[in-house]
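# Analysis of the macromolecular model
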Amino acid sequence: MKRILMGIGAAAGMAALTACGAAGAATQPSSGAAGAAGTAGGAVAPAAAASTATPRCTTADLAVSLGKPAEKTDAPGQFDVPLTYRNTSDHTCGLYGVPGVDLVGPDDATFGPVYHLPREDNGVKYNEVPAGTTASATITVLTPSEGGASWTPTSLKTIPPGQTQPLTADWPAGLPVLRQDAATHPGTYVNGILADPA
């Protein structure tokens, strides 16, 4: 069975702030507060122990596939594409964090043939993947507006968190991507890994 150890100390800290009347602080979690709770509170210690006891999944442990794109209901023209890692080894390994993702396609006149996607660190804090099971991240894709410049990748290269060697998958046919390589907040990015249902 998968174990997900989510930042118990941070949740407890937020509850304490609410009880003291600091409602504004409770509604906006602070990474600094979570770090302080993790070092001072004994409740977070098991998470650290578990994460070191189970090694991270290596690239050799995994196979990757892309799911069917689904358009966001609240953002027309933006799609979510599941990026699923399957543990093909014979042992449990840890898969958490944000993977690296490059989209590879035609040579764009401005940006070239590779689109390095920015990362959103919004996945689970820790996740174990038993042999034969999966965990997924999501690639959020902004497509070009009608009549705009179109660039459609042919493949995806992804490096699992904590690794250096990539895995490759075919990009979904007919899903163009708006190139925003130089944008501060581009509409295409990769999200953190989540635990898939058992």
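Below is a summary of the structure that appears in this document. (Residues numbered from 1 in each chain as written. Predicted model: local features only at pLDDT ≥ 70, side-chain atom pairs only at ≥ 80, totals over all residues. Heavy atoms only, no water.)

### A closer look at the sheet that holds strand E5 (residues 100-108)
Strand order in the open sheet formed by four strands is E6-E5-E10-E11, and the pairing between neighbours is antiparallel. Here the strands that pair on one side only, and so sit at the sheet edges, are strand E6 (112-116) and strand E11 (167-170). Ignoring strand direction, the axes of neighbouring strands in this sheet form an average angle of 25°. Looking at chain direction, E5 and E6 are connected through four bridges and run antiparallel. Residue pairing in the sheet places Asp108 in a bridge with Gly112 of E6. (Pairing = 2+ DSSP bridges. Helix = DSSP H or I, 4+ residues; strand = E, 2+ residues; numbered from the N terminus. Axes fitted to C-alpha atoms, helices over the stretch in contact; angles between N-to-C directions.)

### Topic: the environment of Cys57
One can find Cys57 in the loop between helix H4 (45-53) and strand E1 (62-66). By relative accessible area, Cys57 is classed as buried at 0%. Taking C-alpha positions, Cys57 is 7.8 Å from Asn87, a pair spaced 30 residues apart along the chain. The contact partners of Cys57, leaving out residues within four places of it in the chain, are Leu62, Cys93, Gly94, Leu95 and Gln163. (Buried < 20%, exposed > 50% of the residue type's maximum accessible area, 1.4 Å probe, protein only. Contact = heavy atoms within 4.5 Å.)

### Here's the deal with the pattern of salt bridges
Following the criterion strictly, the structure yields two salt bridges and no others. In this structure, Lys72 engages Asp80 in a salt bridge whose closest nitrogen and oxygen atoms are separated by 3.3 Å. Here Arg179 makes a salt bridge to Asp181, at a shortest N to O gap of 2.9 Å. The partly exposed category is assigned to Asp181, whose relative accessible area is 30%. (Salt bridge = Lys/Arg side-chain N within 4 Å of Asp/Glu carboxyl O.)

### Overview of the packing of aromatic side chains
Inspection of the entire model under this criterion finds two aromatic pairs. Seen in terms of ring centroids, Tyr96 and Tyr126 are 4.9 Å apart; in terms of plane orientation they differ by 55°. Their pairing is tilted. In this pair, Tyr96 sits in the loop between strand E4 (93-94) and E5 while Tyr126 sits in the loop between strand E7 (119-120) and strand E8 (128-129), placing the two residues 30 residues apart along the sequence. The exposure class of Tyr96 is buried, given its relative accessible area of 12%. Here the aromatic rings of Tyr115 and Trp151 are separated by 6.5 Å at their centres, their planes lie at 70°, and the arrangement is edge-to-face. With Tyr115 in strand E6 and Trp151 in the loop between strand E9 (134-142) and strand E10 (155-159), the pair connects residues that are 36 residues apart, well separated along the chain. Here Arg179 stacks its cationic end above the ring of Trp151, 4.3 Å away from the centre of that ring. (Phe/Tyr/Trp six-rings, centres within 6.5 Å; stacked < 30°, edge-to-face > 60°. Lys NZ or Arg CZ within 6 Å of the ring centre and 35° of its normal.)

### Some thoughts on the nonpolar core
In terms of nonpolar packing, the biggest core is built from 29 residues, with Leu83, Leu103, Ile139 and Trp171 touching the most fellow members. Elements supplying a minimum of two residues to this core: E1, strand E3 (78-87), E5, E9 and E11. The contacts of Ile139, once residues within four sequence positions are left out, are Leu66, Phe79, Asp80, Val81, Leu83, Val101, Leu117, Leu156, Trp171, Tyr189 and Val190. (Core = buried A, V, L, I, M, F, W, Y, C linked by side-chain atoms within 4.5 Å.)

### Overview of the side chain of Thr158
By secondary structure assignment, the location of Thr158 is in strand E10. What makes Thr158 buried here is its relative accessible area of 0%. A polar contact is formed between the side chain of Thr158 and the backbone oxygen of Gly100, at a distance of 3.0 Å. Excluding residues that lie within four positions of it along the chain, Thr158 makes contacts with Val64, Leu83, Tyr85, Pro99, Gly100, Val101, Gln165, Pro166 and Leu167. (Polar contact = N/O pair within 3.5 Å; in protein donor to acceptor, adjacent residues only side chain to side chain.)

### Some points on the pairing of E3
Within E3, seven of the 10 residues are buried, leaving the element largely enclosed by the surrounding structure. Looking at chain direction, E1 and E3 are connected through five bridges and run antiparallel. Each residue of the ladder has a partner; that of Val64, found in E3, is Tyr85. Looking at chain direction, strand E2 (residues 70-71) and E3 are connected through two bridges and run antiparallel. Following the sheet pairing, Ala70 is matched in E3 by Asp80. The antiparallel hairpin formed by E2 and E3 contains six residues in its connecting segment, where Gly77 sits at a positive phi of about 90°. Alignment of E3 against E9, held across nine bridges, turns out to be antiparallel. Considered in E9, the bridge of Tyr85 is made with Ala135.

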